[in-house]
Amino acid sequence: MKKSLISIFLVIFVSLKLFATDVVDPFKNIEYFTLENGMKVYMLSDNQAVNSQISVEVNVGTDVETKHNAGISHLLEHVIFRDDRVSKNTYTSYLEEQGATYINGFTSRYLTEYVATIDSKKAYFLVKSFSEMLFNKQLNQNDLEIEKGALQIEIGDLKSYHASFYYIGRFFKWLSDLFPPTFEIYRDDFSLQEEHDLPHNYYFKSNNRNFTLEQIEQHYEDYYYPSNMILKIVGNFNEQKMKEAIYNSFGKIEKKGTKSVEKPSYDAILNNSS
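Residues numbered from 1 in each chain as written. Predicted model: local features only at pLDDT ≥ 70, side-chain atom pairs only at ≥ 80, totals over all residues. Heavy atoms only, no water.

For the pair helix α5 (residues 141-155) and helix α8 (residues 201-208), the least separation of the axes is 9 Å and the interaxial angle reads 155°. The angle between α5 and α8 falls in the class roughly antiparallel. In this structure, α5 meets α8 at a crossing whose hand is left-handed. Counted together, Lys148, Leu151, Gln152 and Ile155 of α5 and Phe204, Lys205 and Asn208 of α8 form the full contact between these two elements. Broken down by class, the residue content of the contact of α5 with α8 amounts to 3 nonpolar, 2 polar and 2 charged. (Axes fitted to C-alpha atoms, helices over the stretch in contact; angles between N-to-C directions. Helix = DSSP H or I, 4+ residues; strand = E, 2+ residues; numbered from the N terminus. Parallel < 35°, antiparallel > 145°, perpendicular 65-115°, else oblique. Left-handed = near helix turned anticlockwise from the far one by under 90°. Contact = heavy atoms within 4.5 Å. Nonpolar A, V, L, I, M, F, W, Y, C, P; charged D, E, K, R; others polar.)

In structure tokens, the structure reads:
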């Protein structure tokens, strides 16, 4: 029995050592720095990589929206790709012509992200292009109308029955609020504030056609500024040359927003749950 226990502990010990070896700082080559304008940058260079990828995260998403402007972050994400100074008036077409194999944008609850992949020889070009795409925008009504139509196809047209479903849902939500659960996982298990409800899907469909250019421009001014963004670059590139490309493009942007989005840090979450 004693020998069996010793064997079991030995296996566990060796397994833990192996596991620890596998997970110790797997990304030790990541370089992190912050530009003078507040933009956070993460770089990971690997001389074995064929392609390079750039990602820019904007600290804004549907969580800041109300029923009056639900969907505006997603619509702005679409509009950001448009620019009459590039080929076919879209950065998607322009970057594809330059060899990019993947260009996309995503809007989630807390983030709007822009990402593209290109041959590593053009990694510096991609950084410059993303800086031009995200800043010094020249938005116009025609671009807005085109992207409204594209987004409406993506999220679906508003049908006559959507309003009925919305009011039925509100009724049942009202009933559930009358008898709230006695156990709240956010409060009782983690001591966290429960996330507020997002606007109903009905508003995302109904608002889209009615957004004005002024609303889009204001949302852009509010949240699209360097200190509200994170730039991530991974691929095969010269780190010093990449830093120069970043400083000469994103680093020269002095734009300041009018709003910020505060999210709890991991330390705060751990402190609240302990």
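Read on, since the account is not over.
Counted by the stated rule, this structure contains 11 salt bridges. Salt-bridge contacts for Glu57 lead to Lys232; the nearest nitrogen and oxygen are separated by 3.0 Å. On the criterion of sequence distance, the pair formed by Glu57 in strand β3 (residues 51-58) and Lys232 in strand β6 (residues 229-235) is long-range, its members being 175 residues apart. Judged by its relative accessible area of 33%, Lys232 falls in the partly exposed class. Residues joined in a network through salt bridges with shared partners are Arg82, Asp143 and Glu147. (Salt bridge = Lys/Arg side-chain N within 4 Å of Asp/Glu carboxyl O. Buried < 20%, exposed > 50% of the residue type's maximum accessible area, 1.4 Å probe, protein only.)

On to the pairing of strand β2 (residues 40-45), then. Bridge analysis of strand β1 (residues 31-34) against β2 gives 4 bridges, and the strand direction is antiparallel. Across the sheet, Tyr32 pairs through a bridge with Tyr42, a residue of β2. Here β1 hands over to β2 after 5 residues, with Gly38 in that stretch at a positive phi of 100°. Where β2 and β6 come together, 6 bridges link them in parallel fashion. In the strand pairing of β6, Leu44 is matched with Val234. (Pairing = 2+ DSSP bridges.)

Further remarks concern the packing of aromatic side chains. Applying the stated criterion to the full structure yields 9 aromatic pairs. With a centroid separation of 5.9 Å and 80° between ring planes, the pair formed by Tyr91 and Tyr94 is classed as edge-to-face. Of this pair, Tyr91 and Tyr94 are both found in helix α3 (residues 91-97), 3 residues apart, which corresponds to roughly one turn of the helix. Just as Tyr91 is buried, Tyr94 falls in that class too. Ring pairs connect the aromatic residues Phe81, Tyr114, Tyr220 and Tyr224, which therefore count as one cluster. If you follow Lys255 out to its NZ or CZ, it ends over the ring of Tyr220, 4.8 Å from the centre. (Phe/Tyr/Trp six-rings, centres within 6.5 Å; stacked < 30°, edge-to-face > 60°. Lys NZ or Arg CZ within 6 Å of the ring centre and 35° of its normal.)

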